[in-house]
Number of protein chains: 4
Amino acid sequence: MTFGVAVAGASGYAGGEILRLLAAHPEVEIGTLTAHSSAGRPLSEVQPQLGSLHNRLLVETSADSLAGHDVVFLALPHGQSAELAGRLGDSTLVVDCGADFRLRSPAAWETFYGSPHAGVWPYGLPELPGCREALRNTRRIAVPGCYPTAVTLALFPAFAAGLLEPEAVIVAASGTSGAGRAARTRLLGSEVMGSMSPYGVGGGHRHTPELVQNLSAAAGEAVTVSFTPTLAPMPRGILATCSARVREGVHEVRAAYEKAFADEPFVRLLPEGRWPSTSAVLGSNTAQVQMALDEGARRLVAVSAIDNLTKGTAGGAVQSMNIALGLPETLGLPMNGVAP
Amino acid sequence: MTFGVAVAGASGYAGGEILRLLAAHPEVEIGTLTAHSSAGRPLSEVQPQLGSLHNRLLVETSADSLAGHDVVFLALPHGQSAELAGRLGDSTLVVDCGADFRLRSPAAWETFYGSPHAGVWPYGLPELPGCREALRNTRRIAVPGCYPTAVTLALFPAFAAGLLEPEAVIVAASGTSGAGRAARTRLLGSEVMGSMSPYGVGGGHRHTPELVQNLSAAAGEAVTVSFTPTLAPMPRGILATCSARVREGVHEVRAAYEKAFADEPFVRLLPEGRWPSTSAVLGSNTAQVQMALDEGARRLVAVSAIDNLTKGTAGGAVQSMNIALGLPETLGLPMNGVAP
Amino acid sequence: MTFGVAVAGASGYAGGEILRLLAAHPEVEIGTLTAHSSAGRPLSEVQPQLGSLHNRLLVETSADSLAGHDVVFLALPHGQSAELAGRLGDSTLVVDCGADFRLRSPAAWETFYGSPHAGVWPYGLPELPGCREALRNTRRIAVPGCYPTAVTLALFPAFAAGLLEPEAVIVAASGTSGAGRAARTRLLGSEVMGSMSPYGVGGGHRHTPELVQNLSAAAGEAVTVSFTPTLAPMPRGILATCSARVREGVHEVRAAYEKAFADEPFVRLLPEGRWPSTSAVLGSNTAQVQMALDEGARRLVAVSAIDNLTKGTAGGAVQSMNIALGLPETLGLPMNGVAP
Amino acid sequence: MTFGVAVAGASGYAGGEILRLLAAHPEVEIGTLTAHSSAGRPLSEVQPQLGSLHNRLLVETSADSLAGHDVVFLALPHGQSAELAGRLGDSTLVVDCGADFRLRSPAAWETFYGSPHAGVWPYGLPELPGCREALRNTRRIAVPGCYPTAVTLALFPAFAAGLLEPEAVIVAASGTSGAGRAARTRLLGSEVMGSMSPYGVGGGHRHTPELVQNLSAAAGEAVTVSFTPTLAPMPRGILATCSARVREGVHEVRAAYEKAFADEPFVRLLPEGRWPSTSAVLGSNTAQVQMALDEGARRLVAVSAIDNLTKGTAGGAVQSMNIALGLPETLGLPMNGVAP
């Protein structure tokens, strides 16, 4: 059976990656593609890499243009999904790559986004305990943020196993595509090549409450999170370096990860002594994870690498779609990275 | 029907890319993987991006280890294919990614490679007139060099249409993976990031006689070629900027390209005014082509972009394999690039 | 004796580089710094790398704010220099980094810039025969374009020595800073990293008539130029690969280069067999040059590397200023690149 | 007065940067340049960026070849400095860029380096309390490691002011030149471009005990350090993201930094809200520092950026040399970065 799929926000980086994956998906037929400032232009002008779709046109984003599809992906700026989703029927599977429906806490939402809370949808991180079950047969999916995907996979097994004190320190490096396609001087190639720099330091990044939510849920208690994102000179990829103090008596952590990821098709716990790299997951839906226990500092250091646009956005979205539609979870999704 | 495939040289960049493509190919079962200095190691140590094959072991390259497969890909240093191929049966499809069987002229081979000429095999550039036919049912394929793939696609339509004087000037930029995986100081990241530099200037690059061969065949007369390769600060991709003086009276060139590529699944002649970029073809088997006629200089300038490891090596190899095996030519091959 | 210097356009990339060089110049006192959209902001916000000037403020660009300095550098968009320069006194040395006063041919100017021709000033490429003399005591300097600087240094010795047919084919790769600091999607880091692409193909780039002017002057006859610029994934640097057919009987070209550059402090003719790289000239005022005669194609291939912002703009400007002010030509200018 | 200076290890990245700085130093005459595998070659072959020294030859590293200079810089692999220094007279200023004389604890040395401890020399980080005084008139200097330079500048003011609990979590990204010039596959451009990856995770990096030493000295108590270095896709630069829990009652931290760096010429405490970037310090001896107090996590997050080869090695070495020789501390050292 083939599902008709529309993509709202097809001119952006997330939208382009969704289309790249859908074009290789055997049970999907790509329907309407929408955009805002690029509406009316051929897709090939804004996504020249999508040769297989080069005859498609972008139309204006609206509930009308998106109606009539089995699945609608929303790759829109934060705050635009709620109204649009409300006008799409309950039988349509709506997969929101924005932040609108990720946070359970209205207070956290309002603090970080400054607008009324729209609600909560099943969370599209199937590897997190409970999430896969909630995704089956749902017609609404909130795709996680890219940083939360990387960080949660790196830390939840240890928190869930009770190995860690409830505080986490996270420094993550992201490729520039995470900042989107809007033209800004600080994102020019001239500015970012050869440069590492932090942003949102001190707790200000909007993914912070999502990290707190995920890690606290895993730990079963409130976890404080110090999160510092940095911009790295590469187009794609997130490397998340995460640490937390281990509880007294804890001297072994690996077993918790082996158990958590034993049957996960898209998480690769690396052999001991080998460490993740963003290049190894480029274009794939795989997360690489590794950890070490630093006995000197009594901290677990867990590191994960994902492609922010694939596992961190579009791939995670398609993986969750597969579950919701009752398809094999791995259908159409690449497990191998494009390297070197 | 499924074909058993072995890969010799699976530890290198070309070998890794062949495996990435084969792993997504629906009619292929991946068999023996061989290497030399990495023999005995798990594939995952040298190709950590190939998560779907992480339990595979590398064995020593030999005719014995490669025997018994329907198809054998050779991704070996130049000069090693001939002997190995001679010991593989005639019923095995041998796809050589090295240079050994590309050149028709023994003299040109000996001048550029300094060893006896091994022979000529059907040439794996299906888009070149005559090649597709020669590939059907063959059991030996010489995969073109990466630069010749890019340059030939950019220029052969105009030469074949008789539009150009028989001289070509080519400056091509390649990503560093074209130089292979052997550790050399001049290829260190510290040396190549932020740097453009030429090499093999003045006619010395080994792909020069292959360019002469292809362009002369298209033109029906001897074409002289000035070829300057440059190393660009990116892992993958070739951008070939090619020009030749147009014959008197020629003021239109596009029609020749439209005709040449009308039915080609893996060549995308871009809409007028849009130019190829290597990022748009990353990881895909697509070549982007565009051209302009410079009336001031009376030269055609034709530009192509490919991924040197995909269309330029592994993808071209699999495309030719598909033809030789009677499979659909596009089977298992990505048409969409991983961008940004 | 110390000269007071103002910089108009201090918020851009060229302006920032001018300031970096002037801050290390022993006979210069940096005065007014102007900008347009950044006027009123501290320099440190837009040029955070200029630690030694972090307490400076940007003021609005105007003849009034620039008046009263011995030297005024103009690093403004094309077309803004003429009016401003007209309002600066004849005793002020005006160094224009824009294109307004580079071209001798009003027709060429109007074709490529679409506005009335402003005139011609002494040309700030001291290495070109006749230029150094014209710069002494001048109070107006037209700084060459970055591509013309690289290309002219690569080719003029051979043209001046009568070795070449009057046609040149040039493919040059430039770092992204050459495209300026204005925010544009196609210049985002996400778009340019990992990517090579051409632009202005077919004779359309505005530096083409300047190339024709310089090479024709050197050759003593009209030279046709095929010029293809490409954008390379690096912040700085130009690698110009230039070729032309050698005249019959010409089998040696190096002597012409040795003679031309024997006493040039900022041109380094490399030892035979070694080739320029942009990394080797990063941040320096040096041009590296090398050439080879391709007997197969009967073409000279000459390659040069410069830093587009240093020798290609700000360094060439300061070098010419030194000459005009009667200072040692090399004063305050770096000869060594920042590598790796 | 001019000082004769020799450089041992002039063929490496640190040696090249030392030479770039010395070539611009007004009170230095560059003497013997030594190397090992490159001995006998012209410097220009291995450091083509050093145009001003292109006629120099490399000679074999030995006490004899280094004798007779006022100053000798050692840029050698760890473990080679001690013997060589012992054979240079006490009146020679020996500036060791290796690790041999940095650690006070013989036990820490032996644990991390596996060889007998050679001793302790005055530590070349003038900004650290007590160091500048110890450097005056010394004839032996231990240049700090690149990571310890960045991290110590980011954290010592807060530790010295008693604001922090004695535990630090550090994640630092380094450009590839920090790994040196020896050819290794994992450092190839093909491997590192587009890639972030960690190494030495869990306390294994050799700079860890130096971090413990510096931060503990500042705090006046033993500080535990969790240090994770990561390799970033850029040739130069370190971005150190450092955090520690603030003591109860601490709600303000900036004053400690303002006091610590008020008179420091090479540390730039950025205006509030602006964050360091490695590009802004490229090629300069400046460290940029900024911090924020995360009240949610009750942690100070302090970030510094340096050029690992300049302030992190060669620039710090020359700065300390200036102090030891009684020269102005900033003499010959660039404060402005090469950006973009």
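See the structure above.
Residues numbered from 1 in each chain as written. Chains lettered and ligands numbered in written order. Predicted model: local features only at pLDDT ≥ 70, side-chain atom pairs only at ≥ 80, totals over all residues. Heavy atoms only, no water.

### Concerning the interface of chain D and chain A
Stated formally: Two residues form a contact once any of their heavy atoms are found within 4.5 Å. Buried area adds together the accessible area that both of two parts lose upon being put together, with accessible area traced by a 1.4 Å probe. Here, a salt bridge means any side-chain nitrogen of Lys or Arg that lies within 4 Å of a carboxyl oxygen of Asp or Glu. Each polar contact in these results corresponds to two N or O atoms within 3.5 Å; when the atoms are within protein, one needs to be able to donate a hydrogen and the other to accept it, and residues that are neighboring in sequence are counted only if both atoms are side-chain atoms. Helix and strand definitions follow DSSP, with helices as H or I runs of at least four residues and strands as E runs of at least two, each counted in order from the N terminus.
Taken together, the 41 residues of chain D in the interface contact 41 residues of chain A. Between chain D and chain A, a total of about 3000 Å² is buried, with carbon and sulfur atoms accounting for 66% of that surface. A per-residue breakdown of the area chain D buries against chain A is headed by D:Met196, D:Pro198 and D:Val201, which together make up 17% of the total. Counting the contacts that link chain D with chain A gives one salt bridge. The closest approach of N and O atoms between D:Glu167 and A:Arg299, which form a salt bridge, is 4.0 Å. Here chain D and chain A share six residue pairs in polar contact (both at pLDDT 80 or more) between them. When contributions to the side of chain D that touches chain A are tallied by element, the ones reaching two or more residues are β7 (167-174), α8 (189-192), β8 (197-198), β9 (224-231), β10 (238-245), β12 (287-294) and β13 (299-306) of chain D.

### Considerations on the side chain of A:Glu210
All names here are of chain A. Applied cut-off: Residue burial is assigned from relative accessible area. The probe radius is 1.4 Å, only protein chains are included, and a residue is buried under 20% of its type maximum, exposed over 50%, and partly exposed in between.
Its place among the elements puts Glu 210 in helix α9 (residues 208-219). Using a relative accessible area of 2% as the deciding quantity, one classes Glu 210 as buried. Side chain to side chain, Glu 210 and Tyr 123 meet in a polar contact 2.5 Å long. In contact with Glu 210, other than residues within four places in its own chain, are Arg 102, Leu 103, Tyr 123, Pro 144, Gly 145 and Pro 148.

### Some details on the relation of the copies chain D and chain C
Test applied: Least squares is the method used to superpose the copies, on C-alpha atoms of residues holding a pLDDT of at least 70 in both.
Taken as rigid bodies, chain D and chain C are interconverted by a rotation of 180° and an axial shift of 0.0 Å, the fit giving an RMSD of 0.0 Å. Both copies of the chain, as the preceding transformation shows, are related through a two-fold rotation axis. Interface overlap between copies is the fraction of interface residues in one copy that are interface residues in the other; for chain D against chain C it reaches 100%, indicating a shared surface.

### Looking at unusual backbone geometry
Residues and elements named next belong to chain A. Between Ala 339 and the following residue, Pro 340, the backbone shows a cis peptide bond with an omega angle of 0°. Secondary-structure assignment places Pro 340 in the segment after α11 (310-325). Of note, Asn 137 is a non-glycine position whose phi angle comes to about 70°, a positive value. Within the fold, Asn 137 resides in the loop between α6 (131-135) and β6 (140-142). Judged by relative accessible area, Asn 137 falls into the exposed class, the value being 63%.

### With respect to the packing of helix α1 (residues 13-23) of chain A against α11(A)
Residue and element names in this part refer to chain A. So the rule is basically this: To get an axis, fit a line to the C-alpha atoms, keeping to the stretch in contact for a helix; angles then go from 0 to 180 degrees between the N-to-C directions. Orientation categories follow fixed angle ranges, with anything under 35 degrees roughly parallel, anything over 145 roughly antiparallel, 65 to 115 roughly perpendicular, and all other angles oblique. For any helix crossing, the convention is left-handed if the near helix is rotated counterclockwise from the far helix by under a right angle, and right-handed if that rotation is clockwise. Basically, the charged four are Asp, Glu, Lys and Arg, the nonpolar ten are Ala, Val, Leu, Ile, Met, Phe, Trp, Tyr, Cys and Pro, and anything else, Gly included, counts as polar.
It is at 9 Å that the axes of α1 and α11 come closest, and there the two elements cross at 45°. Our classification of the angle between α1 and α11 gives oblique. Here α1 and α11 pass one another in a crossing that is right-handed. Contacts between α1 and α11 involve Ala 14, Glu 17, Ile 18, Arg 20, Leu 21 and Leu 22 on the former and, on the latter, Thr 310, Thr 313, Ala 314, Gly 315 and Val 318. Within the contact of α1 with α11, the residues separate by chemical class into six nonpolar, three polar and two charged.

### Things to note about the sheet that holds strand β5 (residues 93-96) of chain A
Pairing between the strands of a sheet comes from backbone hydrogen bonds, and it takes one of two forms, parallel or antiparallel. Residue and element names in this part refer to chain A. Where we set the bar: If DSSP finds at least two bridges between two strands, the strands pair.
Taking strand neighbours across the sheet as the criterion, the six strands line up as β3-β2-β1-β4-β5-β6 in an open arrangement whose pairing is parallel. Among the strands making up the open sheet, the edge pair consists of β3 (59-60) and β6. In the sheet, strand β2 (residues 28-35) pairs with β3 via two bridges, with the strands oriented parallel. Among the inter-strand pairings, Thr 34 is bridged to a residue of β3, identified as Val 59. Taken strand by strand, α11 contacts β1 (3-8), β2, β4 (71-74), β5 and β6, and its axis lies near 155° from that of β4.

### Some thoughts on the sheet that holds strand β2 (residues 28-35) of chain D
All names here are of chain D. In spatial order, the strands read β3-β2-β1-β4-β5-β6; together these six strands make up an open sheet with parallel pairing. The strands lining the two open edges of the sheet, one partner per strand, are β3 (59-60) and β6 (140-142). Judged from the three bridges that link them, strand β5 (residues 93-96) and β6 form a sheet pairing that is parallel. Counterpart to Val 94 in the pairing with β6 is Arg 140. Set on the sheet, helix α11 (residues 310-325) makes contact with β1 (3-8), β2, β4 (71-74), β5 and β6; between it and β4 the angle comes to about 155°.

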